[in-house]
Amino acid sequence: MTPLRGRIGGKSTTREPIIQEPVASEPNVTQDFETSDSEPEATRRDADVAESSRANRGWWDRNADEYQVEHGTFLGDDRFVWGPEGLDEVEAELLGPAEQLKGKDVLEIGAGAAQCSRWLAEQGARPVALDLSHRQLQHSLRIGGSFPLICADAGALPFADASFDLACSAYGALPFVADPVLVLSEVRRVLRPGGRFVFSVTHPIRWAFPDEPGPEGLSVSASYFDRTPYVEQDDNGRAVYVEHHRTVGDRVRDIVAAGFRLVDLVEPEWPAWNTSEWGGWSPLRGNLIPGSAIFVCERD
């Protein structure tokens, strides 16, 4: 699979951008694997919570520079884009009308360079941008912004209960975690009653097709029901990148199990203006099969 967006202390009250580092005693925070110069081997095998977190932290730290160079123009510095199709929150309003975001406390999970948080701040919201990757957050510092940056694992959010009005994640965290219910439960915990969480992921149907933008990516090559994670590993068999597959039904059950109510499932169509390719996403495939799934959830 081609990754889109990879996206630990208390909530900061300062308006200056900071990077708050994790402490050694927190769960799922371990030293990154050393990697060789050889290309990693792609395989399908099990990968637990700790291995997935460790591998993906290292992958995004190593690849953040290239990612921002390659995709920074499309993402912009202060746009809120839900996926490669280019669906913009300005038009989608999945978090609500822009004029109603003013004064809202919003948590962005898997923020990358915090482009979405920067847009939220421009609407008058009070965003907090969280990412597993320290290097991704350094790119947020490079771009600038007056909101807190938190380096933390989405499975152990460092915030008090009911700290936020809204939460969002544009291809951040959920595609890469072994226990999505843990992450969803943590998000629900830090949301206030009535709070909304909107997250986008690779559309589950894509796992049945090769990750190719051309005609070769239009023929089914694997079982949609095979939940075995996609793993890239080094010469010693240690994972350096992990992505997890959930069917649409799995995602719905995960959302319900975490205590959310699913209020919408958006499958963006490929717009005529978007002629770009992004990994396995392309106009050819986008006009035939969905590439992204956006889940709109609310805490009662």
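Look a little higher up for the structure.
Since the structure is predicted, the reported quantities are computational estimates derived from the model, not experimental observations. (Residues numbered from 1 in each chain as written. Predicted model: local features only at pLDDT ≥ 70, side-chain atom pairs only at ≥ 80, totals over all residues. Heavy atoms only, no water.)

Draft legend 1. View of the environment of asparagine 56. Locating asparagine 56 in the fold gives a position in helix α1 (residues 49-75). Using a relative accessible area of 3% as the deciding quantity, one classes asparagine 56 as buried. Along the primary structure asparagine 56 and serine 133 are separated by 77 residues, whereas in three dimensions their C-alpha atoms are 8.2 Å apart. Non-local contacts of asparagine 56, meaning those with residues more than four positions away in its chain, are made with Leu132, Phe176, Tyr241 and Val242. (Helix = DSSP H or I, 4+ residues; strand = E, 2+ residues; numbered from the N terminus. Buried < 20%, exposed > 50% of the residue type's maximum accessible area, 1.4 Å probe, protein only. Contact = heavy atoms within 4.5 Å.)

Draft legend 2. Quick peek at the packing of α1 against helix α4 (residues 134-143). Remark: α1 packs on α4, axes separated minimally by 7 Å, with the N-to-C direction vectors making an angle of 35 degrees. Residues Trp60, Asp61, Ala64, Asp65, Tyr67 and Gln68 of α1 form the contact with α4, whose participating residues are His134, Arg135, Gln136, His139 and Arg142. Classifying every residue of the contact of α1 with α4 gives three nonpolar, four polar and four charged. (Axes fitted to C-alpha atoms, helices over the stretch in contact; angles between N-to-C directions. Nonpolar A, V, L, I, M, F, W, Y, C, P; charged D, E, K, R; others polar.)

Draft legend 3. Spotlight on the sheet that holds strand β2 (residues 41-44). Here we have three strands laid out as an open sheet, ordered β2-β8-β9, and antiparallel in their pairing. Both outer strands of the open sheet, β2 and β9 (239-243), are each paired with one neighbouring strand and no more. For this sheet, the mean angle separating the axes of adjacent strands, direction not counted, is 20 degrees. Bridge count between β2 and strand β8 (residues 230-233): four bridges; the pairing is antiparallel. Counterpart to threonine 43 in the pairing with β8 is valine 231. Across the face of the sheet, α1 comes into contact with β8 and β9 while running at roughly 105 degrees to β9. (Pairing = 2+ DSSP bridges.)

Draft legend 4. Up close: the side chain of aspartate 234. Within the secondary structure, aspartate 234 sits in the loop between β8 and β9. At 2.9 Å, the side chain of aspartate 234 and the backbone nitrogen of asparagine 236 are in polar contact. (Polar contact = N/O pair within 3.5 Å; in protein donor to acceptor, adjacent residues only side chain to side chain.)

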